[in-house]
Amino acid sequence: MSIEILPDLLGVFFFAVSGSLLAGRKGFDLIGSLLLGSLVGLGGGVARDLIIGQIPAAFSNPVYLLPPVLAALLVFWLYNSVEKIGRWLTVFDAAGLALFCITGTVKALNFGFNPVASVLLGVTSAVGGGLLRDVVANQVPQLFNSHDIYAIPAILGATLAAFAWTGRWLNVGTGIAIAVVVFTFRIAAWHFRWHAPLAVRKNKL
Amino acid sequence: MSIEILPDLLGVFFFAVSGSLLAGRKGFDLIGSLLLGSLVGLGGGVARDLIIGQIPAAFSNPVYLLPPVLAALLVFWLYNSVEKIGRWLTVFDAAGLALFCITGTVKALNFGFNPVASVLLGVTSAVGGGLLRDVVANQVPQLFNSHDIYAIPAILGATLAAFAWTGRWLNVGTGIAIAVVVFTFRIAAWHFRWHAPLAVRKNKL
Amino acid sequence: MSIEILPDLLGVFFFAVSGSLLAGRKGFDLIGSLLLGSLVGLGGGVARDLIIGQIPAAFSNPVYLLPPVLAALLVFWLYNSVEKIGRWLTVFDAAGLALFCITGTVKALNFGFNPVASVLLGVTSAVGGGLLRDVVANQVPQLFNSHDIYAIPAILGATLAAFAWTGRWLNVGTGIAIAVVVFTFRIAAWHFRWHAPLAVRKNKL
């Protein structure tokens with residue numbers, strides 16, 4: 001196991017916690033919690049690896065199954081001792097987003113994708129898990145919530161990661177710095193209710 | 001056509017019937033019934049084959065299109081002469097589940113996947129079609145119904161199949177036996193309303 | 001850039017407009033409009049390319065990102081100056097359908113798929129984007145609307161394209177002719193409320 005998969009595994013864990021928290025709120029059972037956590041944690045990465053053209057890491061490396069198991073157990077034990085579940089869900093989701101937009105972009109660059117495609121793939125893997133979570137739980141995805149900013153931090157993080165990788169200044173320190181920027185941006189957008197312009201102009205021409 | 005694809009084709013047929021039954025209940029038209037049946041019957045296997053890294057069997061072998069056509073016609077002709085559609089939907093879905101958790105696991109093992117990944121892929125292909133069916137029909141997936149047990153029989157069947165394959169005692173007889181165990185477990189869980197513990201503990205710490 | 005990707009890019013644009021129009025109607029923001037447009041415009045083609053076994057065109061060729069950007073901007077500026085959004089959504093969706101059922105079939109044939117599989121892949125790529133659009137926006141897909149005919153024109157177009165390609169009479173002229181037939185069929189079915197027989201017979205046996 002290379003140290004390079006650590007941020008990927010951490011991202012899987014954070015997203016899996018968000019999935020298990022939603023499972024708890026929806027009244028799913030423990031197996032449903034494990035499955036929804038796995039879908040959210042592993043879904044974005046499986047899509048990423050299929051597009052790159054390799055066997056998804058979740059299937060070639062059994063260690064990827066550990067984070068969803070830990071997440072489901074953690075949520076099972078701690079759910080009732082925390083308050084404001086929605087807040088925790090957003091925080092863990094933001095942490096997953098911050099890591100996946102970087103790891104997805106870097107993995108694509110390492111596979112020889114051009115920078116634009118790599119950023120796109122990083123963003124896809126970052127927002128994909130949460131999209132699956134909300135679609136499967138039968139609600140309009142958070143990604144499309146117009147009272148919130150979700151994709152822009154991921155696009156920013158993926159772009160910064162592509163610049164850092166291309167300029168050869170991507171290392172543990174700068175990687176963590178980019179993740180912190182993305183996480184802070186996402187949480188600030190959620191807390192202060194920042195929002196992007198609507199899909200349509202307000203006034204008639 | 002090798003005899004080995006027979007259980008796979010049967011599984012496609014069973015899942016396709018469950019899709020067409022749901023299409024009938026939702027008031028879809030005959031083409032919608034064929035498409036939903038195809039999606040349920042072929043979706044899990046297409047995901048399985050993409051992850052393995054080969055062209056999905058549904059696209060490389062036209063015989064896979066036959067079961068969904070038969071299923072849609074069967075449902076068209078017989079829907080009104082049977083009662084308790086929900087019961088039939090569950091029975092056909094359970095039959096598909098019983099076959100796919102075995103065929104998916106064995107296919108992955110034959111492709112050189114390790115046993116853990118093979119079980120995971122078998123479960124994914126077994127629950128994937130039903131998940132797609134419910135997501136597309138805009139309802140919370142049966143997979144996450146906390147008054148029911150759905151994934152555990154598939155996990156059990158995939159695990160048994162992996163043990164049988166590894167121990168070289170997987171043959172037509174033991175394969176059928178495993179499928180019968182999975183089917184019976186699933187139907188009993190549904191009939192007697194067995195359920196797993198909820199995703200969260202009931203009492204506060 | 002080969003001239004052959006022009007119809008594919010046009011199809012992406014048409015589908016992306018339908019996604020951005022739906023985003024406008026659902027009150028999504030501009031980024032959500034861009035993302036939903038991208039999902040609809042690129043989703044069917046990504047599925048097609050994954051099944052064929054190559055890196056999806058949307059990721060290997062950055063020019064594919066242009067149509068969704070144009071579509072989101074167009075919808076942003078013009079949404080309020082047009083009326084009957086639902087009608088425009090159907091028209092753009094039909095135009096995407098008409099192009100994708102041909103380009104998907106031809107791409108599969110060029111990759112050595114047999115005609116039946118190629119037609120299936122053409123139909124999958126043509127209906128896939130719209131299916132994703134409706135699933136993500138949390139509504140029962142138009143594909144399954146029993147008061148409408150959606151898949152049959154795509155099946156017809158894919159079949160005609162396969163015949164034309166096999167008989168070596170597929171060129172720009174016949175390609176456009178097939179697209180016009182599919183588009184006209186789809187729009188007429190929608191306008192005159194043609195519908196296929198229901199998934200179940202009306203009377204009991």
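Owing to the predicted nature of the structure, the values given are computational and were not obtained by experimental measurement.

S.K.: Run through the overall build of chain A, naming residues and quoting values.
M.R.: Helix and strand content of chain A: eight helices and zero strands. Taken along the three principal axes of its C-alpha coordinates, chain A extends 55 × 45 × 30 Å. Looking at chain A as a whole, 57% of its 205 residues are labelled buried. Summarising the internal contacts of chain A: among those between residues at least 6 apart in sequence, 72% fall at separations of at least 24.

S.K.: Outline the interface of chain A and chain C, supporting the account with residue identities and numerical values.
M.R.: Frequently, the measure chosen for interface size is the accessible area that the parts lose on association. The interface is formed by 29 residues belonging to chain A together with 29 residues belonging to chain C. Of all elements in the fold, only α2 (30–52), α6 (115–136) and α7 (151–166) of chain A reach the threshold of two or more residues within the side of chain A that touches chain C. If one sorts the elements of the side of chain A that touches chain C by residue count, α6(A) sits on top with five residues. Looking at the side of chain A that touches chain C residue by residue, the classes come out as 20 nonpolar, seven polar and two charged.

S.K.: Could you give an account of the interface of chain B and chain A, with specific residues and numbers?
M.R.: Contacts between the two partners involve 29 residues from chain B, matched on the other side by 29 residues from chain A. When contributions to the side of chain B that touches chain A are tallied by element, the ones reaching two or more residues are α2 (30–52), α6 (115–136) and α7 (151–166) of chain B. Broken down by element, the residue count for the side of chain B that touches chain A peaks at five residues, all from α6(B). Classifying every residue of the side of chain B that touches chain A by side-chain character gives 20 nonpolar, seven polar and two charged.

S.K.: Describe unusual backbone geometry, and please don't skip the residues or the numbers.
M.R.: All names here are of chain A. A positive phi angle, close to 65°, is found at N138, a residue other than glycine. If you trace the backbone, N138 turns up in the loop between α6 and α7. You can call N138 partly exposed: it has 15 C-beta atoms within 10 Å.

S.K.: If you had to explain the packing of helix α1 (residues 6–25) of chain C against helix α5 (residues 85–110) of chain C to someone new, which residues and values would you point to?
M.R.: Residue and element names in this part refer to chain C. Relative orientation of the contacting elements α1 and α5 amounts to 155°, with a least axis distance of 8 Å. With respect to their mutual orientation, α1 and α5 come out roughly antiparallel. α1 and α5 meet at a crossing whose hand is left-handed. Here P7, D8, L10, G11, F14, F15, V17, S18, L21, L22 and R25 of α1 lie close against α5, whose contacting residues are I85, W88, L89, F92, D93, A95, G96, L99, F100, I102 and T103. In terms of residue class, the contact of α1 with α5 is made up of 15 nonpolar, four polar and three charged.

S.K.: Report on the confidence of the model for chain A, specifying residues and quantitative values.
M.R.: The predicted model of chain A averages 92 in pLDDT, with 97% of residues at 70 or higher. Reported confidences for the modelled complex are a pTM of 0.92 and an ipTM of 0.89.

S.K.: Describe the relation of the copies chain B and chain A, with residues and values.
M.R.: Note on the identical chains: chain B maps onto chain A by a rotation of 120° and an axial translation of 0.0 Å, with an RMSD of 0.0 Å. A rotation of that kind, with that shift, is consistent with a three-fold axis. Residue by residue, only 10% of the interface of chain B is reproduced at the interface of chain A, so the copies engage with different surfaces.

S.K.: Can you tell me about helix α8 (residues 172–191) of chain C, naming the residues and giving the values?
M.R.: Residue and element names in this part refer to chain C. Given a rise of 1.5 Å per residue, 20 residues ought to cover 28 Å, and the 28 Å separating the end C-alpha atoms of α8 matches this to within 8%. Of all the positions in α8, only I178, A179, V182, F183, F185, R186 and W190 are classed as buried. For α8, the buried positions fall inside an angular range of 160° around the axis, keeping them on one side. Of the exposed residues in α8, those oriented more than 90 degrees away from the buried face are G173, V180 and H191. Following α8 by one or two positions, R193 adopts a phi angle in the positive range, close to 55°.

S.K.: How would you summarise the relation of the copies chain A and chain C if you had to cite specific residues and measurements?
M.R.: Overlay of chain A on chain C (RMSD 0.0 Å): rotation 120°, translation along the axis 0.0 Å. A distinct binding surface is used by each copy, with only 10% of the interface residues of chain A retained as interface residues in chain C.

S.K.: Tell me what's going on with the nonpolar core, and back it up with residues and numbers.
M.R.: Formed by 227 residues in total, the largest nonpolar core has its most connected members in C101(A), C101(B) and C101(C). Excluding its chain neighbours within four sequence positions, the residues that come into contact with C101(C) are G122(C), V123(C), A126(C), A154(C), G157(C), A158(C), A161(C) and V182(C).

S.K.: Outline the environment of D49(C), supporting the account with residue identities and numerical values.
M.R.: Residues and elements named next belong to chain C. Its location among the elements puts D49 in helix α2 (residues 30–52). Assessed through the 23 C-beta atoms surrounding it within 10 Å, D49 is described here as buried. Separated by 21 residues in the primary sequence, D49 and L70 have C-alpha atoms spaced 23 Å apart. Residues in contact with D49, not counting those within four places in the same chain, are Q54, I55, P56 and A57.

S.K.: Could you give me a rundown of the packing of helix α7 (residues 151–166) of chain C against α8(C), with the residues and numbers involved?
M.R.: Residues and elements named next belong to chain C. Closest axis-to-axis distance for the α7/α8 pair is 9 Å, and the angle between their directions is 165°. With respect to α8, the axis of α7 lies roughly antiparallel. Remark: the crossing between α7 and α8 carries right-handed chirality. Here P153, A154, L156, G157, L160, A161 and A164 of α7 come into contact with α8, specifically with T174, I178, V181, V182, F185, R186 and A189. A breakdown of the residues in the contact of α7 with α8 according to their chemical character gives 11 nonpolar, two polar and one charged.

S.K.: Describe helix α4 (residues 66–78) of chain B, and please don't skip the residues or the numbers.
M.R.: When the terminal C-alpha atoms of α4(B) are compared, their 18 Å separation across 13 residues agrees well with the 18 Å that a helix rising 1.5 Å per residue should span. Turning to α4(B), its buried residues number three or more, namely P67(B), P68(B), A71(B), A72(B), V75(B) and F76(B).

S.K.: How would you explain the environment of F92(B) if you had to name every residue and give the values?
M.R.: Looking at the secondary structure, you find F92(B) in helix α5 (residues 85–110). With 71 residues separating them in the primary sequence, F92(B) and L21(B) have C-alpha atoms 9.6 Å apart.

S.K.: Break down the environment of P153(B) for me, citing the residues and quoting the values.
M.R.: Residues and elements named next belong to chain B. Relative to the helices and strands, P153 is located in helix α7. Measuring from C-alpha to C-alpha, the distance between P153 and G129 comes to 16 Å, with 24 residues separating the pair along the chain. Setting aside residues up to four positions removed in sequence, P153 forms contacts with L97, V182, F185, R186 and A189.

Analysis parameters
Residues numbered from 1 in each chain as written. Chains lettered and ligands numbered in written order. Predicted model: local features only at pLDDT ≥ 70, side-chain atom pairs only at ≥ 80, totals over all residues. Helix = DSSP H or I, 4+ residues; strand = E, 2+ residues; numbered from the N terminus. Buried ≥ 20, exposed ≤ 12 C-beta atoms within 10 Å, placed from the backbone. Contact = placed C-beta atoms within 7 Å. Nonpolar A, V, L, I, M, F, W, Y, C, P; charged D, E, K, R; others polar. Axes fitted to C-alpha atoms, helices over the stretch in contact; angles between N-to-C directions. Parallel < 35°, antiparallel > 145°, perpendicular 65-115°, else oblique. Left-handed = near helix turned anticlockwise from the far one by under 90°. pLDDT = per-residue confidence, 0-100. Least-squares fit on C-alpha atoms with pLDDT ≥ 70 in both. Expected span 1.5 Å × (residues − 1). Arc of directions from axis to C-beta. Core = buried A, V, L, I, M, F, W, Y, C linked by C-beta atoms within 7 Å.

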